[in-house]
Amino acid sequence: MNSIRKSAEIIIVGGGIAGVSVAYHLAKLGRKDVLLLEQGSLTCGTTWHAAGLVGQMRPNRSMTRMSQYGIQLYATLEAETGLATGWKQCGSVNVARTPERWIVYQRQAAMARSFGIEVHLITPRAAADKWPLLRTDDLQGALWFPQDGKANPTDLTQSLAKGARDLGVKIVQGVRVTGVSVLNECISGVTTTAGPISCSVLVNCTGQWARAFGAMAGVNVPLHSAEHFYIVTERIAGVHPMLPVMRDPDGFIYFKEEVGGLVMGGFEPRAKPWGMDGIPEKFEFQLLPEDWDQFEPLMKNAIHRVPALEKAGVKTLLNGPESFTPDGNFILGEAPEVRNYFVAAGFNSAGIANGGGAGKLLAEWIVGGEAPMDLFEVDIRRFGPYAAGTDWLRERTVESLGLHYAMRWPRQELESGRPLRTSPLYERLRARGARFGSKMGWERPNWFGPEVKYTLGRPNWFDSVVAEQRAVRNAVGVFDQTSFGKLLVRGRDALALLERVCANSIDVAVGQVVYSAMLNRKGGFESDITVQRLAADEFFLVTGSAQPVRDLAWLRRHAVQGEDVHVKDITDRWSVISLLGPNAGAVLAKISLEEKTRALPASYVGGPGWELYAPVEDAAALYDRLWQAGRDHGLVDCGYYALDALRLEAGRRAFGAELSPDCTPFEAGLGFAVKMDKPVEFIGREALRRAPRGELAKRLLIFTFPATELFAWGGEPILREGAPVGELTSVGYSAALGQMVGMGFVHGANPERVEQVLASRYEIEVSGVKVAARASVKAPWPK
Ligand SMILES: Cc1cc2nc3c(=O)[nH]c(=O)nc-3n(C[C@H](O)[C@H](O)[C@H](O)COP(=O)(O)OP(=O)(O)OC[C@H]3O[C@@H](n4cnc5c(N)ncnc54)[C@H](O)[C@@H]3O)c2cc1C
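Not measured: the values here are computed from a predicted model.

**Describing the packing of aromatic side chains**
(1) Moving on: Evaluated as defined, the whole model comprises 23 aromatic pairs.
(2) Moving on: Ring geometry for Trp447 versus Trp461: centroids 5.8 Å apart, planes at 35°, classification tilted. Taken as a pair, Trp447 in strand E22 (residues 442–448) and Trp461 in the loop between E22 and helix H11 (462–474) lie far apart in primary sequence, 14 residues in all.
(3) Moving on: When its relative accessible area of 4% is taken as the criterion, Trp447 is described as buried.
(4) Moving on: Through successive ring pairs, a cluster of aromatic residues spans Trp447, Trp461, Phe462, Tyr641, Phe711, Trp713 and Tyr733.
(5) Moving on: For the cation-ring pair, Arg432 lies above Trp627, with the distance from its terminal atom to the ring centre recorded as 4.1 Å.
(6) Moving on: Its guanidinium or amino end placed over the ring of Phe462, Arg458 lies 4.1 Å from that ring's centre, counting from NZ or CZ.

The following block contains the structure:
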């Protein structure tokens, strides 16, 4: 047995790319007392058999910034550590077989340019110039990313480990962590095969073991393993070390050069889950048996795309397990369940590409005490207990692996593992023609009408959503918003806690409702909530459907020791039915509410409206009574697509889209909800004091523009005087305006006054078409 030290400030468990990257970046930030424990030897889990493709394009600006950093790191690490990383900037060619894929590529290219990535849309012939073995007669075109590349995963990990060691990190191999100690909901140490070690921070980088490892401390890390394949061929004439990576997503396959031959792998549409009875403790440098039946569809597609493969000898069919998450994004951040317990895992076959950037972000999170930037898509707090079930995870993994290369349609919903969480109105709404989407596990009506036919153009639910919008503006719409997050904050010090975390003043009369930002220390949004004061020491918080886990963790973390305050997630106990529109009051006046039901005058879409909070057991009866009462007032069932378009035209921002840790209330145009002069020092105030207000380098604007044949779906570049300055964070068709309405941040090189920003000419680039847009800071509705 190894003898080992008795304490370390930070313990990292797992010596794959994720663990060593976190270690390296912690050391770079000056943390010396860092101990990395690996049960086998470095890379022995999944990292050693990765193919090593490293691309930089991600679906949004902040994630792309992360992967761009990774590439920079891989390109320069050897010079720093003296150990090669195998990094080769060979570029990548992504080919499109279908016209729809080609449109998606045009959108991606526009977005990439807006993010500052070099990208070219090229013809099939130009693709063949870069990749001579490519069959091109059925291609529409290709995307060329000259800065993408490939690395050797083992060398890269060893090089990062060397860099970490050189800066003082201790790496111990052959020691397994067997238990995690938690004291007062905070990490206090671990037990290992070499004895106990105390620590104040723990980082779970255990790859496909991360779920079981997390469970030891009650931490939910929702991931599941699946078998994942590639072949390695003998040498093929014309294949050289700088041959670009090539992806053919319509065939679900990728290719890269290795030792003069090709590595060809892919993401089959229906994956094969693995590890149903748990991941074996000892699985070092191990692989799974070949499965040619599972691989055959990929092989067929590959021979079609690269006919030379037919005659090439196959050296290996490699089958290695990798972990996948329910939404295809990795899992990063401080666990909501245990303080100072951090996770970087579930890399969905992109751990090499994302490892560098993710390690840096997590190290900054650990050292800085809060997420260093907008990490909404990967934040561990986007999941909740709903995502913990093994069967559910397994079912979802079959689908989520395939999503990597499958054609993704705008607003496409995942289908597996549903329904999971349903409102008491679910069956009634279904009977009335609701088409559901899912958020945080909840089934939510998106619209009432025809079954979706996915398209890049005008969707087949368009007319239904327009009719719903009209009902809300002219009569009354009823919405099931049961998925809203709901928290109860109670205790003698409840007000003190809320005043500290909220930027608005919460010390209001009992019964009153306040909208407030919760800010981080940089003055950026951690969340936005409405707070109803129920009693002197009791508050009912309503937050977005995706926010209760993060908000609960944030509140608990900011309670000071000794304070009498209890925060509880009571989402599942309350249904929310909203009546929105000019006739809402008349409908409500016709019914009497149960004693426990609370009616709050509120409307997220502007105009008159009521939110009814009813215990779940009363909700269905309430809905039936509303329907009876509403019949003569033009009541219409409405869904979230109408809600989203309506809130956009009314200028309401949404957390996760417009609002994020990266923007301040001033930049988001929500300065009115900040009480700078309230008597309590709230988190973020100091930063806001220093933050510019009149002249800003980044500002949220609202754009209106004509609808185009290829619809705008979000992410479209905003062009200012012809140059990209940001992207639309949300967009929808406004029936009231007869136009598209979108929001997005305009970034400038220098701070400017709002008049200067608005004086420019704006266009929105929708699938390659530049559409003139009107920019405003004010909501376009009511006109
Ligand atoms: C076939 C295949 C091809 C791939 N191709 C690519 C690619 O081209 N590009 C790309 O970016 N990614 C690719 N990947 C994905 C990539 O390999 C993974 O995402 C990445 O290696 C995950 O790294 P990790 O550090 O999270 O996990 P791992 O490398 O598995 O590291 C986790 C470590 O934790 C250790 N551990 C677990 N439990 C304990 C414990 N209790 N105590 C101590 N140690 C413990 C394990 O031994 C293991 O070494 C591919 C994966 C596969 C399977």
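From this point on, the discussion continues.
**Brief notes about the pattern of salt bridges**
(1) Moving on: Following the criterion strictly, the structure yields 50 salt bridges and no others.
(2) Moving on: Between Arg381 and Glu526 there is a salt bridge, with its nearest N and O atoms 3.9 Å apart. Of the two residues, Arg381 is situated in the loop between helix H8 (351–368) and helix H9 (390–400) and Glu526 in strand E26 (residues 525–535); the sequence distance between them amounts to 145 residues.
(3) Moving on: Residues Glu443 and Arg418 are paired through a salt bridge, measuring 2.7 Å at the closest nitrogen-oxygen approach. You can see Glu443 sitting in strand E22 and its partner Arg418 sitting in the loop between H9 and helix H10 (426–431), a full 25 residues away along the chain.
(4) Moving on: Judged by its relative accessible area of 6%, Glu443 falls in the buried class.
(5) Moving on: Within this structure, Arg97, Asp138, Asp248 and Arg305 form a network of salt bridges that share partners.

**A short note on the site of the ligand**
(1) Moving on: As a structural note, the neighbourhood of the ligand is formed by 38 residues, with Glu38, Thr47, Glu322, Ile352 and Ala353 the closest of them.
(2) Moving on: Within the backbone of Thr46, one N or O atom sits 2.9 Å away from an oxygen atom of the ligand.
(3) Moving on: The side chain of Glu322 places a nitrogen or oxygen atom 2.6 Å from an oxygen atom of the ligand.
(4) Moving on: About the coverage of the ligand: the protein hides 98% of its 1,000 Å² of free accessible area.
(5) Moving on: Residue assignment for the shell around the ligand shows that the elements contributing at least two residues are helix H1 (17–28), strand E2 (34–38), strand E13 (224–233), strand E18 (314–324) and H8.

**Quick look at the pairing of strand E6 (residues 141–145)**
(1) Moving on: Among the five residues of E6, five are classified as buried, and the element is accordingly described as predominantly covered.
(2) Moving on: The alternating pattern of E6 places Gly141, Leu143 and Phe145 and Ala142 and Trp144 on opposite faces, both of which are buried.
(3) Moving on: With three bridges connecting them, strand E5 (residues 120–122) and E6 associate as antiparallel partners. Across the sheet, Leu121 pairs through a bridge with Leu143, a residue of E6.

**Notes on the packing of helix H2 (residues 61–81) against H8**
(1) Moving on: One way to put it is that H2 packs onto H8 with a least axis distance of 7 Å and a crossing angle of 100°. The angle between the axes of H2 and H8 places the two elements in the roughly perpendicular class. Of the residues in H8, those touching H2 at Met66, Ser67, Tyr69, Gly70, Leu73 and Tyr74 are Ile352, Ala353, Asn354, Gly355, Gly356, Gly357, Ala358, Lys360 and Leu361.
(2) Moving on: Class assignment for the residues of the contact of H2 with H8 results in eight nonpolar, six polar and one charged.

**Here we look at H8**
(1) Moving on: Here H8 spans 23 Å end to end across 18 residues, near enough to the 26 Å set by a 1.5 Å rise per residue.
(2) Moving on: Taken as a whole, H8 carries its principal kink of about 30° at Gly357.
(3) Moving on: Most of H8 is tucked away: 14 of the 18 residues are buried.
(4) Moving on: With its phi angle positive at about 85°, Gly369 sits one or two positions after the end of H8.

**A few points about the side chain of His25**
(1) Moving on: Position of His25 relative to the elements: it lies in helix H1.
(2) Moving on: Beyond its immediate stretch of four places on either side in the chain, His25 contacts Tyr69, Leu73, Gly356, Gly359, Lys360 and Ala363.

**What about helix H3 (residues 99–115)?**
For an α-helix the count is 3.6 residues per turn, leaving residues at separations of three or four pointing the same way.
(1) Moving on: Here H3 is 17 residues long and its end C-alpha atoms lie 24 Å apart, about the 24 Å a rise of 1.5 Å per residue gives.
(2) Moving on: Most of H3 is tucked away, with twelve of its 17 residues classed as buried.
(3) Moving on: For H3, the set of buried residues is Arg101, Trp102, Ile103, Val104, Tyr105, Arg107, Ala109, Ala110, Met111, Ala112, Ser114 and Phe115.
(4) Moving on: Looking one or two places after H3, you find Gly116, whose phi comes out positive at around 85°.

**Observations concerning the confidence of the model for the chain**
(1) Moving on: For the chain, the average pLDDT comes to 97, and 100% of its residues sit at 70 or higher.
(2) Moving on: No element of the chain has a lower mean pLDDT than strand E30 (residues 598–601), which averages 94, and none a higher one than strand E12 (residues 201–204), which averages 99.

**Concerning the nonpolar core**
(1) Moving on: Core analysis: the biggest nonpolar cluster contains 49 residues, and Ile12, Val22, Val203, Leu332, Leu362, Ile366 and Leu375 have the highest contact counts within it.
(2) Moving on: Mapped onto this core, the elements with two or more residues apiece are strand E1 (10–13), H1, E2, H2, helix H5 (153–166), E12, strand E20 (341–345) and H8.
(3) Moving on: Ignoring any residue separated from it by four or fewer positions in sequence, one finds Leu332 in contact with Val343, Ala344, Ala358, Leu361, Leu362, Trp365, Leu375, Val378, Asp379 and Ile380.
(4) Moving on: By size, the runner-up hydrophobic cluster in this structure holds 37 residues, among which are Leu35, Val219, Val221 and Leu223.

Scoring rules and cut-offs
Residues numbered from 1 in each chain as written. Predicted model: local features only at pLDDT ≥ 70, side-chain atom pairs only at ≥ 80, totals over all residues. Heavy atoms only, no water. Phe/Tyr/Trp six-rings, centres within 6.5 Å; stacked < 30°, edge-to-face > 60°. Helix = DSSP H or I, 4+ residues; strand = E, 2+ residues; numbered from the N terminus. Buried < 20%, exposed > 50% of the residue type's maximum accessible area, 1.4 Å probe, protein only. Lys NZ or Arg CZ within 6 Å of the ring centre and 35° of its normal. Salt bridge = Lys/Arg side-chain N within 4 Å of Asp/Glu carboxyl O. Near = heavy atom within 4 Å. Polar contact = N/O pair within 3.5 Å; in protein donor to acceptor, adjacent residues only side chain to side chain. Areas by Shrake-Rupley, 256 points an atom, 1.4 Å probe, with all protein chains shown as cover. Pairing = 2+ DSSP bridges. Axes fitted to C-alpha atoms, helices over the stretch in contact; angles between N-to-C directions. Parallel < 35°, antiparallel > 145°, perpendicular 65-115°, else oblique. Contact = heavy atoms within 4.5 Å. Nonpolar A, V, L, I, M, F, W, Y, C, P; charged D, E, K, R; others polar. Expected span 1.5 Å × (residues − 1). Bend = angle between axes of the 7 residues up to and from the residue. pLDDT = per-residue confidence, 0-100. Core = buried A, V, L, I, M, F, W, Y, C linked by side-chain atoms within 4.5 Å.

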